Amino acid sequence: MLAVIREGAKSWLSQLLIWSVAITFVGAAFFVWGDAQKQTGDVVAIVDDVEISNQRYRDALRRIEDALRSQFGGKMDQTMLDALNPESIALNSVISMELQLKAAKDAGLVVTDAELAGAIENNNDFKVAGSFNKKRYSDLLAMNNQSPAKFESFLRDDLLVEKLKGLVNRSVSISDAQAYARFINDNQSVTVRYARVKPADLESEVEMTESALEIWYKDNISEYMSPEERSFQILRVKNSSFLDKVEASEIEISDYYDSNMDEFEIKESVTVSQILVTEPDKVIAPDKTRTAYEKLEKGADFAEVAKELSDGPMAAEGGDMGKVNRGQMVPEFEEIVFDLEEGAFSKPFLTQFGWHIAKVTKKIEGQYLRLDQVKGTVRNRVIRNNTISAARQFMTNIAQSATAETFASVAETNADVTLSGFVVKKGAVDPSLDIPTEILAELFVSAEKVVSTPVKTENGYALFLVNTITPPAELPLEDVKEAAEEHFREQMAKNNAEKIALDVEKQVNDGNNLQTVATEQGLSITDTPPFSRKSMRDKSQSLDAGMVMEAFDLAKGEAKSVAVNDDYLIITLLERHAIDRKEALAAVPGLKKDLLKRKRMEVYDRFLTGLRKQADADGRVQILAKLN
């Protein structure tokens with residue numbers, strides 16, 4: 001399974017490294033660097049004269065781990081995550097960021113104040129009613145413990161790196177010939193014949209002696225280590241504990257309303273029905289549409305005509321689509337229906353779905369609810385935010401004063417604080433334990449006997465303290481003998497299967513027929529349906545075992561042994577099928593655009609690699625901490 005994970009990650013890990021070092025602030029979630037005031041003071045690396053703090057590294061690590069989990073659809077456990085070494089990726093990303101900034105400045109690139117201001121003003125997170133709102137900007141930064149000066153410094157760096165990327169990629173281009181060749185590469189199909197060798201069928205033939213098992217175990221001891229174990233304590237406080245300690249002043253209520261007016265917007269909407277004839281390829285309205293329109297002009301009931309002639313999904317309900325907000329439908333549809341008066345129906349018009357006739361039965365103008373209409377809601381939201389701020393400040397104060405010796409006693413003197421203790425093993429944390437995921441993300445990169453900074457949880461804030469760290473240890477063979485024997489047999493059977501496959505491959509390449517050699521070995525023969533690289537990437541299609549990438553590099557009749565899942569295949573190319581030239585030429589423009597994007601990423605990836613190699617050679621990068 002880990003091999004599959006690594007293979008799936010290879011193609012985009014470089015991309016993750018490139019883009020994780022400079023997450024674009026404009027139009028994106030922007031609080032990625034953490035609170036600069038919560039630095040631990042520990043320095044994990046130095047690039048030129050810039051110190052990289054442990055806090056900055058941990059922020060990067062959290063982003064990397066979230067990206068890895070997202071890439072695999074949340075199906076990645078801690079063992080799989082550890083196999084990809086996110087710690088190394090995170091540290092390299094922050095080092096790479098500093099190297100890029102240095103390269104940009106050396107190239108004479110700058111970010112002007114006007115460019116910085118434009119990036120902030122165009123960020124949707126800072127807009128109210130479609131326009132930049134200075135108070136919302138300040139409030140959002142404050143809510144995330146971020147000062148404007150520090151945020152703008154990070155944003156300026158981010159924009160500077162974007163300029164460097166543009167400079168590096170300025171000369172990158174893709175020709176028609178390159179795009180055409182890529183189409184052939186992706187779409188030309190082949191047919192493969194293969195024989196299969198199953199290690200599982202060979203396990204019963206494996207001979208195992210005590211001495212052989214002991215030698216094998218020593219060679220594979222890394223697979224039989226007890227995982228690192230950590231004991232730790234958590235102090236928690238709920239936001240709700242501060243409900244009776246906070247208020248919502250009139251100024252706070254007014255300020256919240258002014259900064260969050262979009263929350264109280266009633267979208268412009270219409271209640272609409274339609275008659276839809278699903279013939280979008282017709283330039284002129286089809287007969288059925290014209291018939292429907294003529295009936296409506298003569299006074300026929302819209303709902304009855306829709307039931308009779310509409311192809312739309314709501315035809316049985318008279319074409320009733322209900323209330324539609326502006327921005328929900330395709331532009332061609334909205335342009336018509338939002339210009340109609342109540343009770344009016346449109347002339348036939350065309351969209352990508354077909355020919356429509358629309359009728360509006362009710363219109364609601366867009367508006368913002370007044371403060372007096374939503375004051376109760378606003379008050380509740382202000383109180384909620386104030387409880388969050390109070391909980392965060394409360395735990396910040398504790399974090400600043402607590403030590404490893406006094407950590408547990410905090411709960412004894414604060415009724416709102418709860419204390420819990422746990423012992424967990426890396427990669428084997430019981431999901432039923434009451435441990436916030438936010439703490440688990442930091443637990444195994446935290447130092448022993450150091451009180452953490454406040455961690456935001458689902459319903460409050462927490463601090464944690466690692467009391468002991470028990471490092472991984474080798475397990476004696478006697479403790480895992482049953483599992484070791486099983487793995488020994490599996491490995492030996494796999495080795496024997498590989499030898500058989502290589503022997504068959506050699507015989508075929510020496511001029512023997514695959515079917516003849518396979519029959520002598522007791523192996524079955526299978527022919528695949530035609531397949532291409534493109535069809536192999538189609539996740540909706542089930543793949544035959546013999547549909548492997550190695551097939552595309554074979555000459556006709558040539559054999560190659562390939563490991564597929566737990567088995568070995570010996571594949572030969574039966575036929576390479578012809579390509580449709582017209583289809584290939586038509587695809588060239590779109591491919592050029594996609595290939596240009598990929599090539600720019602590859603070029604910048606090589607540029608980053610060169611930056612790091614040169615910096616290492618010059619002694620400009622110092623890694624000071626040993627990371628988990």
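Predicted model only: the values in this text are computed from it and were never measured.

Some words on the overall build of the protein chain
Looking only at helices and strands, the protein chain has 20 helices and 21 strands in total. For the protein chain, whose C-alpha radius of gyration is 32 Å, the value lies well above the compact-globule estimate of 25 Å for 628 residues. With 628 residues in all, the protein chain has 40% of them scored as buried. In the protein chain, the share of contacts with a sequence separation of at least 24, taken over all contacts with a separation of at least 6, comes to 73%. Within the structure as shown, the protein chain displays about 33,900 Å² of accessible surface, and the carbon and sulfur contribution to it stands at 49%. Charge separation in the protein chain, taken as the distance between the mean sites of 77 positive and 101 negative side-chain charges, equals 5 Å.

Some details on the pairing of strand β2 (residues 50-53)
Relative to β2, strand β1 (residues 43-47) runs antiparallel, the two sharing four bridges. Bridge assignment links I46 to a residue of β2, and that residue is E51.

Things to note about the packing of helix α8 (residues 176-187) against helix α20 (residues 581-617)
With their axes 7 Å apart at the nearest point, α8 and α20 run at an angle of 110° to one another. Put simply, α8 runs roughly perpendicular to α20. For the pair α8 and α20, contact is made by D176, Q178, A179, Y180, R182 and F183 and by R581, E583, A584, L585, A587, V588, L591, K592, L595, R598 and K599, respectively. Of the residues assigned to the contact of α8 with α20, the class counts are nine nonpolar, one polar and seven charged.

Quick word on unusual backbone geometry
At D48, a residue that is not glycine, the phi angle is positive and equals roughly 55°. Structurally, D48 is set in the loop between β1 and β2. Even without a glycine there, the phi angle at K449 is positive, about 65°. Along the polypeptide, K449 turns up in the loop between α16 (437-443) and β15 (455-456). Residue K449 is classed as partly exposed on the basis of its relative accessible area of 47%.

A look at the side chain of N169
Turning to its location among the elements, N169 is positioned in the loop between α7 (148-168) and α8. On the accessibility criterion, N169 (10% relative accessible area) is buried. Once residues lying within four places of it in the same chain are set aside, the contact partners of N169 are R600, V603 and Y604.

Some remarks on the sheet that holds strand β9 (residues 269-277)
With respect to topology, four strands assemble into an open sheet ordered β10-β9-β12-β11, the strand pairing being antiparallel. Taken across any chain shown, the strands that pair with only one partner, and hence form the sheet edges, are β10 (320-325) and β11 (349-351). Along the sheet, successive strands turn relative to each other by an average axial angle of 50°, direction set aside. By the bridge criterion, five bridges tie β9 to β10 in an arrangement that is antiparallel. Bridge pairing links T271 to K323 in β10. Where helix α11 (residues 287-297) meets the sheet, its contacts fall on β9 and β12 (354-364), and the angle it forms with β12 comes to roughly 35°. In the packing of helix α12 (residues 302-309) onto the sheet, contacts are made with β9 and β12, and the angle to β9 comes to roughly 40°.

Notes on the environment of A415
Positionally, A415 belongs in the loop between α15 (410-413) and β14 (418-425). Linking A415 and K288, residues 127 residues apart in sequence, is a C-alpha distance of 74 Å.

Overview of the packing of aromatic side chains
Scanning the model with the defined rule gives 14 aromatic pairs in all. A centroid spacing of 5.9 Å and a plane angle of 90° characterise the contact between F126 and F151, whose relative ring orientation is edge-to-face. Remark: F151 occurs in helix α7 and F126 occurs in the loop between α5 (113-121) and β3 (127-128); sequence separation between them is 25 residues. The same class applies to F126 as to F151, namely buried. Taking the ring centre of F242 as reference, the NZ or CZ of K245 above it sits at 5.4 Å. If you follow R326 out to its NZ or CZ, it ends over the ring of F338, 4.2 Å from the centre.

Some thoughts on the sheet that holds β1
Strand order in this open sheet of three strands is β2-β1-β21, and the pairing throughout is antiparallel. With partners counted over all chains shown, the strands left at the sheet margins are β2 and β21 (621-623), one partner each. Shown here is a sheet whose adjacent strand axes are inclined to one another by a mean of 20°, direction ignored.

With respect to a negative patch on the surface
A contiguous patch of negative charge, built from E203, E482, E486, E490 and D566, is present on the exposed surface. D566 sits in the exposed class, given a relative accessible area of 62%.

Quick notes on the confidence of the model for the protein chain
Overall, the predicted model of the protein chain reaches an average pLDDT of 88, with 92% of residues at or above 70. Within the model, pLDDT remains below 50 along residues 1-40, and this stretch shows 100 contacts once partners closer than five positions in the same chain are excluded.

Overview of the pairing of strand β5 (residues 190-197)
Across the eight residues that make up β5, a large majority, six, are buried. Strand direction decides the pairing type here: β5 and strand β20 (residues 567-576), joined by eight bridges, are antiparallel. Directly across from V197, in β20, lies its bridge partner Y568. In the sheet, β5 pairs with strand β18 (residues 525-527) via three bridges, with the strands oriented antiparallel. Bridge pairing in β18 links R193 to D527.

Looking at the packing of α7 against α20
A pair of packed helices is characterised by two quantities: the angle between their axes and the separation of those axes. The N-to-C vectors of α7 and α20 enclose an angle of 110°; their axes lie 10 Å apart at closest approach. As judged from the angle between their axes, α7 and α20 are roughly perpendicular. In this structure, α7 contributes V161, L164, K165 and V168 to the contact, and α20 contributes V603, Y604 and F607. Among the residues forming the contact of α7 with α20, the class breakdown is six nonpolar, no polar and one charged.

Calculation notes
Residues numbered from 1 in each chain as written. Predicted model: local features only at pLDDT ≥ 70, side-chain atom pairs only at ≥ 80, totals over all residues. Heavy atoms only, no water. Helix = DSSP H or I, 4+ residues; strand = E, 2+ residues; numbered from the N terminus. Rg over C-alpha atoms; globule rule 2.2 N^0.38 Å. Buried < 20%, exposed > 50% of the residue type's maximum accessible area, 1.4 Å probe, protein only. Contact = heavy atoms within 4.5 Å. Areas by Shrake-Rupley, 256 points an atom, 1.4 Å probe, with all protein chains shown as cover. Lys, Arg positive; Asp, Glu negative; His and termini not counted. Charge placed at Lys NZ, Arg CZ, Asp CG, Glu CD. Pairing = 2+ DSSP bridges. Axes fitted to C-alpha atoms, helices over the stretch in contact; angles between N-to-C directions. Parallel < 35°, antiparallel > 145°, perpendicular 65-115°, else oblique. Nonpolar A, V, L, I, M, F, W, Y, C, P; charged D, E, K, R; others polar. Phe/Tyr/Trp six-rings, centres within 6.5 Å; stacked < 30°, edge-to-face > 60°. Lys NZ or Arg CZ within 6 Å of the ring centre and 35° of its normal. Patch = residues over 30% accessible without salt bridge, like charges linked within 9 Å, V, L, I, M, F, W, Y side chains within 5 Å. Salt bridge = Lys/Arg side-chain N within 4 Å of Asp/Glu carboxyl O. pLDDT = per-residue confidence, 0-100.

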